[in-house]
Amino acid sequence: MKKIKKILIANRGEIAIRIMRTCREMGISTVAVFSDADRTSMHVRYADEAYNIGPAASVVSYLKLDKIIEVAVNCQADAIHPGYGFLSENSEFARKCAENGIIFIGPTPEVIDQMGDKIKARLTMIAAGVPVVPGTTESIKTEKEAIDTIREIGLPVMVKASAGGGGKGMRLITNEKDILSLVRSARSEALSSFGNDSVYIEKYISSPHHIEFQILGDQHGNVLHLFERECSVQRRHQKMLEETPSPLMTPELRLKMGAYAVEAARAVNYTGAGTIEFLVDNNLNFYFLEMNTRLQVEHPITERVTGIDLVKQQILVAEGHPLSFTQDQLKQTGHAIECRIYAEDSDNNFMPNPGKIYNITEPLGFGVRTDGYVYEGYEIPIHYDSMISKLIVWAENRTEAIERMKRALYEYKITGVKTSIKFLARIMDTPDFRSGNYDTNFIEKNKDILHAPLKSTEDFEDMLIIATYIEYLDQLNINQTSKVMYPAKNRWKKYTYQKNFERL
Amino acid sequence: MSFEIKLDKRIATVEILKQFENLLEIKVDEKIYQVDLMHNDEGIFSILANGRSYNIELVPQTKPKHYTAYTLHDSYDLEVIDAEARYLRNRTGTTLLLSENTIVTPMPGKVVKIPFSVGDVVKKGETIITISAMKMESEYKAPMDGIIAFIHVKEGSLVEANQILIVIE
């Protein structure tokens with residue numbers, strides 16, 4: 001068993017800091033890497049050591065695996081934690097780490113390969129007896145074959161690129177007459193995006209629930225699950241908030257899905273933390289969707305209800321320790337919700353809104369956790385993801401958790417950029433969310449409530465106008481000090497003024 | 001000293017009537033308020049009026065006399081129209097404010113595409129510039145029919161927030 005003493009975190013932003021926090025608690029020293037655009041990022045300031053790995057664009061920095069391994073070798077890091085995104089599901093990176101005597105904190109390169117290819121993953125799951133969405137088990141290479149298969153499965157279907165990801169090469173077919181044109185466009189997009197025009201076909205499940213199970217496996221053959229996360233609130237196929245337990249879940253269903261999730265992970269001898277994603281329909285039929293062979297963005301809600309630090313478990317497993325608990329010892333206590341705070345304009349098609357943070361006040365108080373990375377005066381770079389933090393609350397039950405989240409969102413003040421905070425607060429007030437009766441169609445279905453124009457009273461507008469007026473007078477005052485005593489002076493100002501004067 | 005302040009479509013006239021330190025009697029259009037107003041150099045305002053507490057943070061924009069106000073969950077753009085601004089508006093004989101014929105970046109990013117050049121005729125709603133930021137591309141449309149008068153940026157160049165990109169006449 002090798003004790004890990006130093007970890008290089010091959011990532012940036014909030015997840016890099018999240019990982020470093022656990023390292024600090026475990027007495028492990030931390031190494032940050034950063035691009036030219038991230039010199040002032042909090043993860044660089046938080047780490048024990050930090051090294052520049054290239055220009056702003058991630059292809060020439062955070063995705064440059066040779067460069068990152070070179071830094072790790074030179075600073076004698078024992079292990080690399082890839083976080084999520086970037087190189088976290090890159091088997092070549094995992095392989096190269098091993099070749100250079102560095103522990104890759106994640107599953108083996110073989111498992112990453114096996115689960116990364118959607119068709120291979122489907123076949124593995126079918127072999128393990130895990131239910132999958134009805135569809136093809138082999139990639140389809142000709143147009144005729146595609147059309148025959150679609151007729152066999154029956155509409156509606158999804159056509160997806162085998163090598164796909166990020167929604168590219170994906171088409172929903174609901175109408176008989178569109179079959180030919182949509183199959184063609186899916187194949188040509190797959191070819192141009194991935195250099196491979198093979199596709200596979202799945203039955204389309206309309207407005208499903210997106211529910212995933214957290215998995216932990218060690219190097220001694222133990223695999224267990226840490227219950228579910230409900231991730232159905234999505235916009236642009238990206239999650240906005242997650243909660244656990246899922247309002248849809250019953251104890252029987254949890255037992256059944258948990259057993260399949262463990263079975264799925266066991267089928268590939270999974271080690272470390274991973275996630276099995278399922279689609280669940282309203283009749284509680286569930287289907288394997290895909291496996292994520294890494295830590296998920298939304299892992300904190302699982303940590304909150306189980307009390308288990310998942311990053312710590314990843315590190316212990318990587319060192320070779322067996323898991324120190326069994327499935328029977330695990331339980332979900334209370335209810336946790338995570339909201340993703342994005343720098344974006346919710347009223348304008350969720351357009352990203354990078355910029356400089358003026359003031360930030362993070363919520364505190366009982367049951368609140370924030371995993372973020374921005375600070376006052378920090379300029380959010382335009383090159384990376386727009387997520388600036390995650391707000392996680394815990395409470396004894398779901399109702400209390402929703403009220404606590406509302407309170408925490410109320411306290412959360414970020415100025416200088418537009419954020420998703422207002423939109424998230426509205427979700428907390430939407431009847432479908434409060435009743436727990438929602439699926440992946442939630443945002444679309446409730447768009448009138450979520451995007452309703454803000455009712456601001458005239459008094460309120462007047463206060464904005466007064467503030468602007470005073471601020472402007474103040475500006476004039478600074479520039480034209482010899483003129484009239486402007487009335488906008490206040491005690492704070494006067495105090496500073498006096499202090500400066502006394503210094504003379 | 002009274003000023004006009006523009007908030008969305010509303011233009012309000014503001015004037016201080018009385019003041020004792022942080023206690024102000026202030027007139028907004030026809031309404032008179034007694035407020036207790038505290039603020040600091042970072043643009044944080046705490047206003048107490050009629051027993052209610054208002055928490056407002058003002059951030060100056062790069063254009064002078066333009067501010068963004070942040071309140072609970074929302075933000076508003078405000079503009080001070082002083083004597084100078086009024087003079088400029090009267091002189092050009094138009095009621096157009098800067099924002100109405102000008103494309104300004106709401107966020108920093110990189111210019112991907114400008115399908116027009118100076119002198120081209122554009123129709124309201126046509127995409128006149130595409131900007132990418134945070135892995136997403138956004139298209140900006142012409143706010144009115146007209147002729148492209150100025151283009152201040154090139155394809156491929158990096159832009160700041162609130163930078164003037166294109167002016168239409």
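Residues numbered from 1 in each chain as written. Chains lettered and ligands numbered in written order. Predicted model: local features only at pLDDT ≥ 70, side-chain atom pairs only at ≥ 80, totals over all residues.

## Some remarks on the confidence of the model for chain B
Our working rule: Predictor confidence is given residue by residue as pLDDT, running from a minimum of 0 to a maximum of 100.
Averaged over every residue, the pLDDT of chain B is 84; residues scoring 70 or more account for 92%. This prediction of the complex comes with two scores: 0.83 for pTM and 0.71 for ipTM.

## Thoughts on the sheet that holds strand β10 (residues 223-235) of chain A
All names here are of chain A. Spelled out, the test is: Two strands are said to pair when DSSP picks up at least two bridges between them. Strands here are runs of E lasting at least two residues and helices are runs of H or I lasting at least four, both read from the DSSP assignment and numbered beginning at the N terminus. Axis definition: a line fitted to C-alpha atoms, limited for helices to the stretch in contact. Angles are taken between N-to-C directions and run from 0 to 180 degrees. By the convention adopted here, residues are in contact when the distance between their C-beta atoms, placed from the backbone, does not exceed 7 Å.
Pairing in this open sheet of eight strands is antiparallel, and the strands run β13-β12-β9-β10-β11-β14-β19-β18 from one edge to the other. In this open sheet, the two edge strands, each paired with only one partner strand, are β13 (286-292) and β18 (368-372). Neighbour-to-neighbour, the strand axes of this sheet turn through a mean angle of 25°, independent of strand direction. Against the sheet, helix α9 (residues 251-267) touches β9 (209-217), β10, β12 (272-280) and β13, its axis set at about 110° to β10. Taken strand by strand, helix α10 (residues 299-306) contacts β9, β10, β11 (238-244), β14 (335-342), β18 and β19 (387-395), and its axis lies near 155° from that of β14.

## Here we look at helix α12 (residues 398-411) of chain A
Residues and elements named next belong to chain A. Threshold: To estimate how far a helix should reach, multiply one less than its number of residues by 1.5 Å. Counting other C-beta atoms within 10 Å of a residue's C-beta gives its exposure: the residue is buried at 20 or more, exposed at 12 or fewer, and partly exposed in between, where C-beta atoms are placed from the backbone. The arc in question is traced by the directions running from the helix axis to the C-beta atoms.
Compared with the 20 Å implied by 1.5 Å per residue over 14 residues, the 20 Å span of α12 between its first and last C-alpha is a close match. Every buried residue of α12 is accounted for by A401, I402, R404, M405, A408 and L409. With its buried residues spanning 165° around the axis, α12 presents them on a single face. In the core, the buried residues of α12 are packed alongside β14, β18, β19, α13 (421-429) and α14 (431-434).

## Section: the domain arrangement of chain B
Frequently, the measure chosen for interface size is the accessible area that the parts lose on association. Note the following rule: These domain boundaries are the output of an automatic or database domain assignment.
Domain assignment breaks chain B into domain 1 (3-91) and domain 2 (101-168). Relative placement of domain 1 of chain B and domain 2 of chain B: their C-alpha centres are 30 Å apart.

## Section: the environment of N285 of chain A
Considering the arrangement of structural elements, one finds N285 of chain A in the loop between β12 and β13. For the pair N285 of chain A and P208 of chain A, spaced 77 residues apart in sequence, the C-alpha to C-alpha distance is 9.9 Å.

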